[in-house]
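Understanding the architecture of this molecule
For reference, the chains in residue letters:
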Amino acid sequence: MESLQSDEVDRAAECLVRAHHVIALTGAGLSVESGIPPFRGPGGIWTRYGEPPMDGYQRFLEDPRAAWEERLNPSGPMRELWETLAAARPNPGHLALVELEDIGILRCTITQNVDDLHRLAGSRALLEIHGNATLIRCIQCVARFPRSAIDFASLPPRCPTCDGILKSDTVAFGEPIPPDVLGRCFEEAELADCMIVAGTSATVYPAAQFPNTIQERGGDLVEVNPYETELTALCQHTLRGTAAELLPQIVERVKTLRVGL
Ligand SMILES: [Zn+2]
């Protein structure tokens, strides 16, 4: 069994080395080993506290001041979530992707995670489709700011550039994906001939579309996930295990192969 897995690591690494434009798509499973529970499933925040309202963006627009008061003084599940995010640190899966970027294999990481762990790990070419919980975004001009740059004396805070209303960069339910990020994701998916799909079943739009785009154009999909997903049948390479365990193994193999070139 172990040698089958090791063969599959070898084949996935060969696939990455052969490809011209490798990108990665990551999701909640990658952050589990950094101590961040998934939203759904056993131990998930929403499983324990109930699903959040599906019209979060509409609620924000109707009363941004109330939304900010709750954001700055969170209670219940949101308080638990913010405390967990603040304490989380990147795991070997995040660091392996940075190393792949450093050695010129990985061109871009698209993540559904808002936890800032890719950035903390050192990823540079990073597209956060659901935003970043540590940033604040203007809903008018889409400029993003660190919290320290914003004056919260009166709520809702206003954009220093255009005076538009500011909101957390995290994409709320019912909120469109910011067009700047989404456009770049589609460009990367069009260029890619290989995608690592790590810790996500990629069933939610728009993330669901990127593996399909690559596969339809004859590219390869490398899945790293402890569980079978709806994507598994489409993948050329499937590695069963966590990203924290398997991505470093793939990187080590990639480095050995590149020395031989
Ligand atoms: Zn603005």
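In what follows, the structure referred to is the one given above.
Everything quoted here is computed from the prediction, not taken from an experiment.

Helix 11 (residues 243-259) packs onto helix 7 (residues 92-102) with a crossing angle of 25° between their chain directions and a minimal axis gap of 7 Å. As summarised for this structure, helix 7 and helix 11 are arranged roughly parallel, according to the angle between their axes. The handedness of the crossing between helix 7 and helix 11 comes out as left-handed. Here Pro92, Gly93, Ala96, Leu97, Glu99 and Leu100 of helix 7 lie close against helix 11, whose contacting residues are Ala243, Ala244, Leu247, Pro248, Val251, Val254 and Lys255.

With that settled, consider the packing of aromatic side chains. Any two aromatic rings considered together are summarised by their centre-to-centre distance and by the angle between their planes. All told, the structure shown has two aromatic pairs when counted by the stated rule. For the pair tryptophan 68 and phenylalanine 152, a centre-to-centre distance of 5.4 Å together with 55° between the ring planes defines the contact as tilted. Pair noted here: tryptophan 68 is in helix 5 (residues 64-72) and phenylalanine 152 is in the loop between strand 5 (144-146) and strand 6 (166-168), with a separation of 84 residues, a long-range link. You can call tryptophan 68 buried: its relative accessible area is 2%. With centroids separated by 5.4 Å and ring planes inclined at 75°, the aromatic side chains of phenylalanine 186 and phenylalanine 210 adopt a geometry described as edge-to-face. One end of the pair, phenylalanine 186, is in helix 9 (residues 179-191); the other, phenylalanine 210, is in helix 10 (residues 209-216), with 24 residues separating them in the sequence.

Coordination sphere of the zinc ion, protein contribution only: Cys138 (SG), Cys141 (SG), Cys159 (SG) and Cys162 (SG), at 2.2 to 2.4 Å. Coordination at the zinc ion is tetrahedral: its four donor atoms span angles of 97 to 115° at the metal. Between consecutive donors of the zinc ion, the numbers of intervening residues give the motif C-x2-C-x17-C-x2-C. One end of the pair, cysteine 141, is in the loop between strand 4 (135-138) and strand 5; the other, cysteine 162, is in the loop between strand 5 and strand 6, with 21 residues separating them in the sequence.

On to the pairing of strand 2 (residues 106-111), then. Among the six residues that make up strand 2, five are buried, leaving the element largely enclosed by the rest of the structure. As paired elements, strand 1 (residues 22-26) and strand 2 share five bridges and run parallel to each other. Within strand 2, the position partnered with alanine 24 by the bridge is threonine 109. Taken together, the three bridges between strand 2 and strand 3 (residues 126-128) define a ladder with parallel strand orientation. Bridged to threonine 109 within strand 3 is leucine 126.

A few words on helix 9. Between its first and last C-alpha, helix 9 extends 18 Å over 13 residues, near the 18 Å set by a 1.5 Å rise per residue. Val181, Leu182, Cys185, Glu188 and Ala189 are the residues of helix 9 that are buried. Taken around the axis of helix 9, the buried residues stretch over an arc of 125°, which confines them to a single face. For helix 9, the exposed residues lying more than 90 degrees away from the buried face are Pro179, Glu187 and Leu191. On its buried side, helix 9 packs onto strand 1, strand 2, strand 3, strand 5 and helix 10.

Conventions used here
Residues numbered from 1 in each chain as written. Predicted model: local features only at pLDDT ≥ 70, side-chain atom pairs only at ≥ 80, totals over all residues. Heavy atoms only, no water. Axes fitted to C-alpha atoms, helices over the stretch in contact; angles between N-to-C directions. Helix = DSSP H or I, 4+ residues; strand = E, 2+ residues; numbered from the N terminus. Parallel < 35°, antiparallel > 145°, perpendicular 65-115°, else oblique. Left-handed = near helix turned anticlockwise from the far one by under 90°. Contact = heavy atoms within 4.5 Å. Phe/Tyr/Trp six-rings, centres within 6.5 Å; stacked < 30°, edge-to-face > 60°. Buried < 20%, exposed > 50% of the residue type's maximum accessible area, 1.4 Å probe, protein only. Donors = N, O, S within 2.8 Å, 3.2 Å for Na, K, Ca; no water. Tetrahedral: all angles 85-135°; square planar, octahedral: opposite > 155°, others 65-115°. Pairing = 2+ DSSP bridges. Expected span 1.5 Å × (residues − 1). Arc of directions from axis to C-beta.

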